[in-house]
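# Coordinates in review
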Amino acid sequence: MIHLLGKLAVAPKLPAPIARLHELAYNLWWSWEPDAQALYARLDPALWVQVTHNPIKLLQRIAQSRLDDAAVDPDFLDAYQAVFADFDTYMRADASTWFNQNHPDKSQDVIAYFSAEFGLHEALPIYSGGLGILSGDHCKAASDLGLPFIGVGFLYPQGYFNQRIGAEGQQVAQYEKIDFHEVPALPALDTHGNEILIQVDLPGRAVHAKIWKIQVGRIPIYLMDTDVPHNAPQDRELSARLYGGDREMRISQEVVLGIGGVRAVEALGYQPAIWHMNEGHSAFLGLERVRRLVQDEQLSFDEAVEAVRADSVFTTHTPVPAGNDAFAFELIDKFFWQYWGQLGIDRDRFINFARQELPWGPQYSMTVLAIRLSSLQNGVSKLHGEVSRKMWQFLWPNTPVDEIPIDHVTNGIHTKTWLVKELRDLYKRYFAADWLDRDDESAAWAGVDEIPNGELWAVHHTRKEKLIQEVRRRLVAQYTRHGEGPQIIASAQKALDSKALTIGFARRFATYKRAALLFHDLDRIKRILNDPDRPVQIIFSGKAHPDDEPGKELIRQIYELSHDPAFAGKVVFVENYDMNVARHLISGVDVWLNTPRRPREASGTSGEKAAMSGVPNFSILDGWWAEGFNDANGWSIGEPREYKDFDTQDAADAFSLYQTLEDDIIPRYFTRDAEGVPGDWVQTMKNSVHSCGPRYSMRRMVIDYTEKFYLPAAQAGAAFHTESYSQARKLATWKQDLRRQWHQVHVEAPPLNGGVVEIGQTVALSARVSLHDIPQDAVRVEAVVGTPEPEVALVDPQIVSLAFSKRDNQVATFVGEFTPAASGAFVVGIRVVPTHPHLIHPSEMGLVTWARPT
């Protein structure tokens with residue numbers, strides 16, 4: 001009988017000359033620096049691929065002899081010294097960063113950025129898709145810019161699932177527990193060197209979470225993990241999987257993320273000046289901050305809300321009501337029945353604070369909660385900002401949609417992460433030396449026009465060949481796993497043709513993204529793909545949420561089509577879409593296809609990555625492409641409008657897709673010069689790079705957040721938190737009094753006589769406002785002139801202020817005039833709204849009274 005005591009991992013020892021490889025492995029700076037990645041790869045190229053480009057795993061599993069050889073290899077040591085010279089320069093804290101140069105007085109205003117997922121690298125699979133990738137890129141750019149920034153989230157021990165496609169095309173979700181000894185995460189320590197453990201109350205028990213730290217360049221991300229011995233087995237599984245479990249699991253995760261996240265930030269010793277909720281998953285953080293002010297500072301609930309919302313920012317990513325997290329009141333009762341008393345309010349006040357009426361009944365909305373507890377909100381593209389203002393207009397009744405205080409910042413991408421080495425080296429030869437440090441400037445990308453067409457085309461072809469080889473390798477592995485015979489394996493080794501126009505479609509497989517739109521007319525797409533003179537092929541990749549049966553059915557349909565003799569070798573589905581697959585696709589396909597059902601794509605960033613890589617977009621005018629398309633940098637599908645039903649929309653968009661493919665894209669791609677270079681196509685590639693590279697860089701995006709949201713939030717927070725929160729107390733009292741009295745406000749104004757006035761002719765306006773006990777300086781009286789539109793009320797309203805004229809007891813008179821500057825049909829209304837010097841946004845109270853004609 002053999003008795004085993006357990007497992008023991010034995011790692012090789014790093015020789016002294018290359019000892020800092022271990023240090024660098026725990027800083028994700030290497031993930032966006034090709035030379036750093038190459039340094040690890042050259043130690044053992046095959047092992048580097050096998051460990052999913054994870055330097056920690058590499059250093060644990062590599063043969064000691066390879067490390068010993070590298071330590072005496074002059075070429076390796078030269079590369080080692082160069083990488084660490086760059087690393088040390090980057091990490092050195094000085095005044096050279098953008099933030100320190102532009103805002104040196106704000107260097108201590110820490111920004112706490114909360115997100116349910118962070119997509120940093122395929123070696124750390126704790127992301128599911130676009131939201132996580134955006135969060136990871138946001139952190140990387142915050143590091144580049146030198147922001148005083150921390151990330152807060154969950155470290156999911158099983159991460160997001162690995163996708164396997166079965167022999168019948170079914171998606172199979174496989175979860176593998178992450179070994180924290182093999183990923184770039186270390187336990188977070190307090191000032192005494194002890195591991196940090198925080199506690200959150202859930203129904204009937206306390207749940208503990210350990211804090212892990214991931215270093216991303218200059219900034220840390222702190223992630224909570226409930227898989228600790230202090231917890232019961234079901235609570236150890238609480239943070240096991242990203243977006244796993246039922247609604248009770250979901251609210252439990254969000255309680256830990258929001259409430260636990262605030263406690264983690266405090267335990268780590270931070271006092272953030274700005275709190276950023278990236279999507280509504282973390283909105284409970286605002287409630288926890290309110291609770292602390294009520295309990296510790298003796299503020300009332302309303303006073304604490306004013307103080308919390310002043311320095312809070314909220315970003316919404318979801319353009320459809322069903323995509324926003326909301327919970328049944330029964331769940332809220334179960335989780336918070338002891339909590340609302342600590343806020344100084346009762347159940348009705350707590351429920352109504354985040355109540356949303358939905359077609360399936362009233363719910364406790366995390367988005368409403370986040371909006372109520374933030375002073376600055378934004379969508380993630382211009383179109384999404386417009387959609388969001390309409391979606392949430394009910395929170396600001398009687399307010400024109402354009403005045404709803406939801407702004408937008410269009411998403412961007414971290415150029416250094418997503419630009420593959422071959423293109424980075426090419427751009428380096430023709431761009432300014434410092435272009436990557438100012439990639440938000442158009443001038444930094446202007447050098448793309450100087451690249452010879454043949455040179456750009458050759459680099460693109462190299463990436464295309466790499467993509468095809470990677471796809472073939474994955475198909476062979478997949479079919480071998482299925483037990484297929486040599487004939488099928490041989491066909492996989494020959495799948496795809498480097499000479500064919502290659503279309504890429506890779507994203508989450510949700511039904512609104514319409515992955516199968518390309519197959520709307522099967523006969524037509526068969527003709528397109530099987531033209532022997534102008535062959536076309538399509539590569540698909542993406543995961544469906546494990547609970548999304550229609551999304552999984554779409555994958556099955558695509559997989560089934562890929563085995564149809566008419567499409568075999570020309571349509572392929574690549575399983576387990578991740579950041580590594582994405583890098584191959586966005587730089588190796590010829591055109592990037594995106595077919596969402598407008599306007600349901602909030603932004604999208606995969607097309608931005610392709611555009612920067614010289615791959616033109618072919619997309620519905622939705623999300624970022626609605627503002628990025630300029631007629632010369634790619635192609636649009638369909639019209640920027642809505643249709644009477646989905647079938648009509650699908651038919652119209654499919655017709656546009658086929659027509660553009662046949663009449664423009666395919667002819668342009670196959671029209672070559674004497675050297676075999678498609679000159680017009682390459683010009684489109686260059687236009688794509690130059691127009692989209694700077695405009696959709698993450699550097700631009702984070703600077704926008706800083707200037708539009710972070711700095712104003714820090715300023716407002718400082719004002720509201722000083723002098724024992726006196727400003728918050730005063731504003732809360734003023735708002736309470738005004739809300740109680742507002743029903744007494746009535747406005748009368750003489751009707752306009754109609755007819756026609758000429759441009760430049762003055763129109764006199766006046767209004768009599770019954771204010772009762774409200775002082776006239778507590779209100780603004782305005783004329784609102786605009787174009788009427790159904791379901792919106794007014795478009796692009798022009799505001800004309802009316803001045804106080806006199807007051808007769810409870811009635812005040814206001815007068816003004818309006819001078820039309822343009823011809824057309826307009827409507828005019830007069831309204832009264834609250835005004836106070838401490839209001840952060842003029843429409844924040846949502847109180848409006850409109851004049852009735854006398």
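Look above for the structure.
Heads up: these notes are all about the structure in this document. (Residues numbered from 1 in each chain as written. Predicted model: local features only at pLDDT ≥ 70, side-chain atom pairs only at ≥ 80, totals over all residues. Heavy atoms only, no water.)

## Quick notes on the pairing of strand 24 (residues 779-787)
- Within strand 24, seven of the nine residues are buried, leaving the element largely enclosed by the surrounding structure.
- With eight bridges joining them, strand 24 and strand 27 (residues 827-834) adopt antiparallel strand pairing. Looking across to strand 27, one finds that R780 is bridged to V833. (Buried < 20%, exposed > 50% of the residue type's maximum accessible area, 1.4 Å probe, protein only. Helix = DSSP H or I, 4+ residues; strand = E, 2+ residues; numbered from the N terminus. Pairing = 2+ DSSP bridges.)

## So, helix 28 (residues 679-692)
- Given a rise of 1.5 Å per residue, 14 residues ought to cover 20 Å, and the 20 Å separating the end C-alpha atoms of helix 28 matches this to within 8%.
- Residues of helix 28 that are buried include every one of W681, V682, T684, M685, K686, S688, V689 and C692, and no others. (Expected span 1.5 Å × (residues − 1).)

## Considering the sheet that holds strand 12 (residues 355-358)
- Here three strands make up an open sheet; going across it, the order is 11-13-12 and the pairing antiparallel. The outermost strands of the open sheet, each flanked by one partner alone, are strand 11 (326-327) and strand 12.
- As paired elements, strand 12 and strand 13 (residues 361-365) share four bridges and run antiparallel to each other. Paired with Q356 across the bridge in strand 13 is Q363.
- Sheet strands in contact with helix 13 (residues 329-336) are strand 11, strand 12 and strand 13, and its direction is about 35° off that of strand 13. (Contact = heavy atoms within 4.5 Å. Axes fitted to C-alpha atoms, helices over the stretch in contact; angles between N-to-C directions.)

## Brief notes about the pairing of strand 2 (residues 149-154)
- Burial within strand 2 is extensive, with six of its six residues counted as buried.
- Bridge count between strand 1 (residues 111-114) and strand 2: four bridges; the pairing is parallel. Across the sheet, the residue bridging to I111 is F149, located in strand 2.
- In this view, the connection linking strand 1 to its parallel neighbour strand 2 by way of helix 8 (residues 130-145) has right-handed handedness.
- For strand 2 and strand 8 (residues 219-225), the ladder comprises four bridges, and the chain directions are parallel. Its bridge partner being in strand 8, G151 is matched across the sheet by I221. (Right-handed = clockwise from strand over helix to strand, strands pointing away.)

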